[in-house]
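The residues making up each chain are set out below.
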Amino acid sequence: MRSSTWAYMAGEALASLRRNRFMTIASITTVMLCLLVLGAVYTFTCNVAKLAEVAEAQVEIRAYLSPKVDEKALRAIQEQLKQIPGIQSFEYISKEKALERMKQQFGDKEGLLDGIDKINPLPASFEIKVAEPSMLSGVAETVKALSGIDEVDYQKELVDKLLLVTRTMRFGSVLVVVGLGVVTIFLIANTIRLTVYARRKEIAIMKLVGATDSLVRIPLVLEGVLLGVVGGIAAGLINNVVYAYVFKTVSSSMPFIPLVLPQAVNGKVLAITAGAGIVIGMVGSVVSMRRFLRI
Amino acid sequence: MGPLIRFVDVTKVYENNCTALRGINLSIEKGEFVFITGASGAGKSTLLKMIYGEEFPTSGRVIVDSWDVSKIPRKKLPYLRRSIGVVFQDFKLLPDRTVFENVAFALRVTDASRLAIRRRVPAVLELCGIKDKSNCRPDELSGGEQQRVSLARALVNNPILLVADEPTGNLDPDTARGIFALLEDVNDMGTTVIVATHAQAMVDHMRKRVVTLRDGILQGDEARGIYRA
Ligand SMILES: Nc1ncnc2c1ncn2[C@@H]1O[C@H](COP(=O)(O)OP(=O)(O)OP(=O)(O)O)[C@@H](O)[C@H]1O
Ligand SMILES: [Mg+2]
């Protein structure tokens, strides 16, 4: 098709949106509301993921040394730890340091520990941080197998729970997003069906004077896409503004909650809602007009 | 070259089991002017609709130019329709567009250039005598004027064939005469013209070929005939 025909079709789409002003506003609002929820779900999921990440980063492996380990064996273990993939960093905690820490923890009740200095039952240990929480159990196994390591300990249950939560969240948000997408397509299809129905005579005339299906369809698809993209961008922008506000409020009153920075998530939210709007508008209009083209 | 239009044993039964046409055999040559007459419900509109593919025969074949309309694929249908100009009994004009746009519309669907539209539309409006109404919308026109717009739209693509279904349905005799004169002019320029009509006086006056239908059966076919119902 030549460019003047495309221009004509675009003009038709805009004219129709203007003519059915009420419908246009209604559909844009519908799309906007659905995509607003979608954007909110996405933002929320990002924050849960971040929360889990922060919590996971604090989990570490503690590997207790056997009392028999001497200077040389200690250095050998340190060399071996450096070789193990997945270990981000480790720190050696000597018996003395362990005792020191314990005293600190007891604080003013330090008196309870009187006399313990001479025996010091605390073993020396390594505190190991891993690169990925999912590597925890693997690294723990490997470290435990080293000679000179008596016992390995990490908060297995906490880690498992965190992994479960993030996985469930991811799955749940996919469900919500797909469900919302279907609902929105349905709503858009319905509004476009109404416009198409209102224009069925016009469509029939177009077809009778020799218009191809595409010449009828393209303006209607453009119409749907315009509705979708405007609703999507509006939803994205509202989301961005609201999240920026939430971030500001929460981070000043509850700074210990690790929220995702607005600039890290807002662009993605806008892209997602606008993109979803386009797809939804396109699918919605194609689905709704099939019947009316059979002339 | 064979005839422009050929109906071979055409029968049309609508979904409600109403038989509109029965065993029609008919040939129309290029350049002919043909009246289709018959009482209301005789099947005139049904016959015309099968020429431009709005309805399809239940059995039999309809051939138009090089197309077998009875078996035409959906994708090709628009191209058949573009080579046929149709004047509908109820005009079928787009209500929210100007006369110019209504006529230009039939050109646009053919992916015509802007230039072609700017040249061709005024020429056709001039031919049909409604150039001064270019910027009016259909509801600002009289019935006769609307019929001329409809005719202009049918002619704008330079069709090989013009099909008109009761083009003077509710027009006064003078206006009707004007429309028929126009149809005759179009025919003189080489376009084949087929007109379904009840306008007895005009049919009798013009002495063209008259095909008469009765209850879906081809009742008569006279070369220089007069109106029969
Ligand atoms: N879409 C349809 N569905 C069912 N029956 C139809 C349909 N169109 C026409 N008919 C029937 O077919 C028969 C022929 O109708 P048609 O419209 O061809 O008649 P006509 O000769 O054009 O009449 P008129 O002079 O009133 O326009 C009629 O009995 C009519 O009821
Ligand atoms: Mg009729």
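Details of the structure are given in the entry above.
Remember, it's a predicted structure, so these values are computed and weren't measured experimentally. (Residues numbered from 1 in each chain as written. Chains lettered and ligands numbered in written order. Predicted model: local features only at pLDDT ≥ 70, side-chain atom pairs only at ≥ 80, totals over all residues. Heavy atoms only, no water.)

### Details of the pattern of salt bridges
Residues and elements named next belong to chain B.
Okay, step 1: In total, this model carries 22 salt bridges over all chains according to the counting rule given.
Okay, step 2: With a shortest N-O distance of 3.4 Å, Lys12 and Glu55 are connected by a salt bridge. Residue Lys12 is located in strand S1 (residues 5-13), and its partner Glu55 is located in the loop between helix H1 (44-51) and strand S4 (59-64); the two are separated by 43 residues in the primary sequence.
Okay, step 3: Classification of Lys12 by relative accessible area gives buried; the value is 6%.
Okay, step 4: Salt-bridge contacts for Lys208 lead to Glu184; the nearest nitrogen and oxygen are separated by 3.3 Å. Of this pair, Lys208 sits in the loop between helix H7 (200-206) and strand S9 (209-214) while Glu184 sits in helix H6 (residues 173-188); the two residues are 24 residues apart in sequence, bridging distant segments of the chain. (Salt bridge = Lys/Arg side-chain N within 4 Å of Asp/Glu carboxyl O. Helix = DSSP H or I, 4+ residues; strand = E, 2+ residues; numbered from the N terminus. Buried < 20%, exposed > 50% of the residue type's maximum accessible area, 1.4 Å probe, protein only.)

### Description of the site of ligand 1
Residues and elements named next belong to chain B.
Okay, step 1: Around ligand 1, a shell composed of 14 residues is seen, among which Ser40, Gly41, Lys44, Ser45 and Thr46 lie nearest.
Okay, step 2: Between ligand 1 and Ser40, the relevant distance is 2.4 Å, taken from an oxygen atom to a side-chain nitrogen or oxygen of the residue.
Okay, step 3: Contacts to ligand 1 include Lys44, whose side-chain N or O atom sits 2.7 Å from an oxygen atom.
Okay, step 4: With the chains in place, 67% of the 630 Å² that ligand 1 exposes on its own is no longer accessible.
Okay, step 5: At 3 residues, H1 tops the list of elements feeding residues into the shell around ligand 1.
Okay, step 6: Residues belonging to the shell around ligand 1 are distributed by class as follows: 5 nonpolar, 7 polar and 2 charged. (Near = heavy atom within 4 Å. Polar contact = N/O pair within 3.5 Å; in protein donor to acceptor, adjacent residues only side chain to side chain. Areas by Shrake-Rupley, 256 points an atom, 1.4 Å probe, with all protein chains shown as cover. Nonpolar A, V, L, I, M, F, W, Y, C, P; charged D, E, K, R; others polar.)

### A few points about the packing of aromatic side chains
Okay, step 1: Counted according to the given criterion, the structure contains 6 aromatic pairs over all chains.
Okay, step 2: Judged by centre distance (5.4 Å) and plane angle (55°), the ring pair of Tyr92 of chain A and Phe126 of chain A falls under tilted. Here Tyr92 of chain A, found in strand S2 (residues 87-93), pairs with Phe126 of chain A, found in strand S3 (residues 125-130); they are 34 residues apart in sequence, far enough to count as distant.
Okay, step 3: By relative accessible area, which is 0% here, Phe126 of chain A ends up buried.
Okay, step 4: An angle of 65° between the planes, with centres 5.9 Å apart, marks the rings of Phe35 of chain B and Phe180 of chain B as edge-to-face. With Phe35 of chain B in strand S3 (residues 33-37) and Phe180 of chain B in helix H6, the pair connects residues that are 145 residues apart, well separated along the chain. Summarising the burial analysis for this pair, Phe35 of chain B and Phe180 of chain B share the class buried.
Okay, step 5: Positioned over the ring face of Phe88 of chain B is Lys92 of chain B, at 5.6 Å from the centre of the ring.
Okay, step 6: Against the face of Phe33 of chain B rests Lys208 of chain B, its NZ or CZ located 5.3 Å from the ring centre. (Phe/Tyr/Trp six-rings, centres within 6.5 Å; stacked < 30°, edge-to-face > 60°. Lys NZ or Arg CZ within 6 Å of the ring centre and 35° of its normal.)

### What to know about the sheet that holds S9 of chain B
Residues and elements named next belong to chain B.
Okay, step 1: The 6 strands lie next to each other as S6-S7-S8-S3-S9-S10, forming an open sheet whose pairing is mixed. With one partner strand each, in any of the chains shown, strand S6 (84-87) and strand S10 (217-222) form the two edges of the open sheet. Each neighbouring strand pair of the sheet contributes to a mean axis angle of 15°, computed without reference to strand direction.
Okay, step 2: Against the sheet, H1 touches S3, S6, strand S7 (161-165), strand S8 (192-196) and S9, its axis set at about 150° to S7. (Pairing = 2+ DSSP bridges. Axes fitted to C-alpha atoms, helices over the stretch in contact; angles between N-to-C directions. Contact = heavy atoms within 4.5 Å.)

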